[in-house]
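Chain and residue survey
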Amino acid sequence: MTIKIFRNFSEIATLSSAHHKNGRRLNHDDLGLIKNGSIVFNQEKILWVGEDRNIPEDYLRKGHAEIDVSGKVCVPEIVDSHTHLVFGGDRSHEYTMRLNGASYEEIANSGGGILNTTKGTNALTRNELLKSAQQRVKTIRSYGVGTIEVKSGYGLSFEKEYELSHIIHDLKNIVRPDVQIINTFMAAHAVPITSPNSYQYMKEVVLPLLDKLGEEQILDCVDIFHEQNYFSHDDVVSLFERAQRWNIRVKIHADEFNDNKGAILAVKHSALSADHLLQTKEDGIIALANSETVATLLPGTGLFLGKPQANARAMLDAGVRVSIASDFNPGSSHCDNLILIASISAPMYKMSQSEMWCAITLNAAHAVGLKNQGAIVEGLKPRFSIFKTDSIDRITYNWGKNLAN
Ligand code: NIG
Ligand code: FE
């Protein structure tokens, strides 16, 4: 197997001790910074990392491909663990409506929101949706993000949701191995007008479709919007139990508008992540801290909707594994740039530098079930993000500026 050597990064943030601490209770030096660092790796794994002057002689003598990366910074691959990037239509006017005083819930109740994008999505063909999603992935990749979780959920019928899951599957095959796509089934995103209630929609569309896709083995995760006027506690349980039958890991949109104990439900079902958590109270935080479930915070959504933010500091102090994702979608967070979101939200959340980087690399990888990446440590997968700057500080200090290699 071909061996390559990256020689002389100005800085490498290895996150090695963060990895050993399972991404919790981090100190400032858990960034694991190496100056003038090099990495030896093959296609499958990292073989060695350390200061360039300490590279084992053996690797240098054998004439492996050496790549000069001086003046650049390397971090574990950045992972956007929560996006809804397959959609049609446009909701810019809803943003204006919110500026002019309407709430997200009011807009959704009057036919806007997810149901509005469902119309726009159903108006496009499979190929049109694939092409626009591919373009979005390309843009996200240009910021240095290498793994992207993509949810279905704007079709809201058996046929269109089936198509959306297959579009994500096609996308995955087109962009790999440069970009890894995680295919998440989220037909339980909203109740379509054609169903009288969430129970009927689950029974007639979501669960049978999960069985069909489960048999085809194209899904990585399932997700559900657990919220008033969307999906109930019982709907969540029925989805999670069915996913378990197919050995598919579960995720949940939890406690966004109300503290409906979604975080606790997530822990009970060993979910990979509970996402949003704007309203999660102490009981939910304690449950998360005593679990493997990642708390995925989506600060772009709170900012864009003008809502209060999740209590990130309390979660971090309690020992919760915290991640940050973009929630890129046409309604509540129309921002595809996770690094920009991390730059803005870390000071707002009172996160340290190591907590911020861990939230978009190691813990984000864990949130999508990838336990073999997220740190630059011998034996892990060689997935990195590289930036054209000589100091890690500058990447997020220059908020909104793209420094990706
Ligand atoms: O994560 N909360 C549910 N889904 C999205 C919003 C989707 C939309 O408004 O189109 C979210 O914020
Ligand atoms: Fe979401």
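The structure this text deals with has already been given above.
Predicted, not measured: the structure shown is a model, and the values here were computed from it. (Residues numbered from 1 in each chain as written. Chains lettered and ligands numbered in written order. Predicted model: local features only at pLDDT ≥ 70, side-chain atom pairs only at ≥ 80, totals over all residues. Heavy atoms only, no water.)

By size, the foremost hydrophobic cluster in this structure holds 105 residues, and its most contacted members are Leu 85, Phe 185 and Leu 239. Apart from the residues lying within four places of it in its own chain, the contact partners of Leu 239 are Phe 185, Met 202, Val 206, Leu 207, Leu 210, Val 222, Asp 223 and Ile 224. Ile 39, Cys 74, Phe 384 and Ile 386 belong to the second-largest nonpolar core, a separate cluster that totals 12 residues. (Core = buried A, V, L, I, M, F, W, Y, C linked by side-chain atoms within 4.5 Å. Buried < 20%, exposed > 50% of the residue type's maximum accessible area, 1.4 Å probe, protein only. Contact = heavy atoms within 4.5 Å.)

Bringing the sheet that holds strand E12 (residues 294-297) into the picture now. The 8 strands are arranged E6-E7-E8-E9-E10-E11-E12-E13 in an open sheet whose pairing can be described as parallel. Each edge of the open sheet is held by one strand with a lone partner, namely strand E6 (78-80) and strand E13 (322-324). The mean angle between the axes of side-by-side strands here comes to 25°, regardless of whether they run parallel or antiparallel. In this structure, strand E10 (residues 249-254) lies alongside strand E11 (residues 273-276), joined through 4 bridges in parallel fashion. Among the inter-strand pairings, Ile 252 is bridged to a residue of E11, identified as Ala 274. On the sheet, helix H7 (residues 158-175) packs against strand E7 (145-151) and strand E8 (180-188) and is oriented at approximately 175° with respect to E8. Against the sheet, helix H8 (residues 198-216) makes contact with E8 and strand E9 (221-224), and its axis sits at roughly 150° relative to E8, the strand it touches most. (Pairing = 2+ DSSP bridges. Helix = DSSP H or I, 4+ residues; strand = E, 2+ residues; numbered from the N terminus. Axes fitted to C-alpha atoms, helices over the stretch in contact; angles between N-to-C directions.)

Counting through the fold element by element, Lys 268 comes out in helix H10 (residues 262-268). For the pair Lys 268 and His 233, spaced 35 residues apart in sequence, the C-alpha to C-alpha distance is 12 Å.

So, about the state of the cysteines. Summed over all chains, the structure comprises 0 disulfides. Between Cys 74, a free cysteine, and Cys 358, which holds the nearest cysteine sulfur, the sulfur-to-sulfur gap is 16 Å. Judged by relative accessible area, Cys 358 falls into the buried class, the value being 1%. (Disulfide = S-S within 2.5 Å.)

Lining the immediate environment of ligand 1, one finds 15 residues, of which Arg 91, Tyr 104, Tyr 154, Asp 327 and Ser 332 sit closest. At 3.4 Å from an oxygen atom of ligand 1 is found a side-chain nitrogen or oxygen belonging to His 84. The side chain of Glu 256 places a nitrogen or oxygen atom 3.2 Å from a nitrogen atom of ligand 1. Residue classes in the shell around ligand 1 are distributed as 4 nonpolar, 8 polar and 3 charged. (Near = heavy atom within 4 Å. Polar contact = N/O pair within 3.5 Å; in protein donor to acceptor, adjacent residues only side chain to side chain. Nonpolar A, V, L, I, M, F, W, Y, C, P; charged D, E, K, R; others polar.)

Honestly, that's just the spatial picture; any functional story needs more than this.
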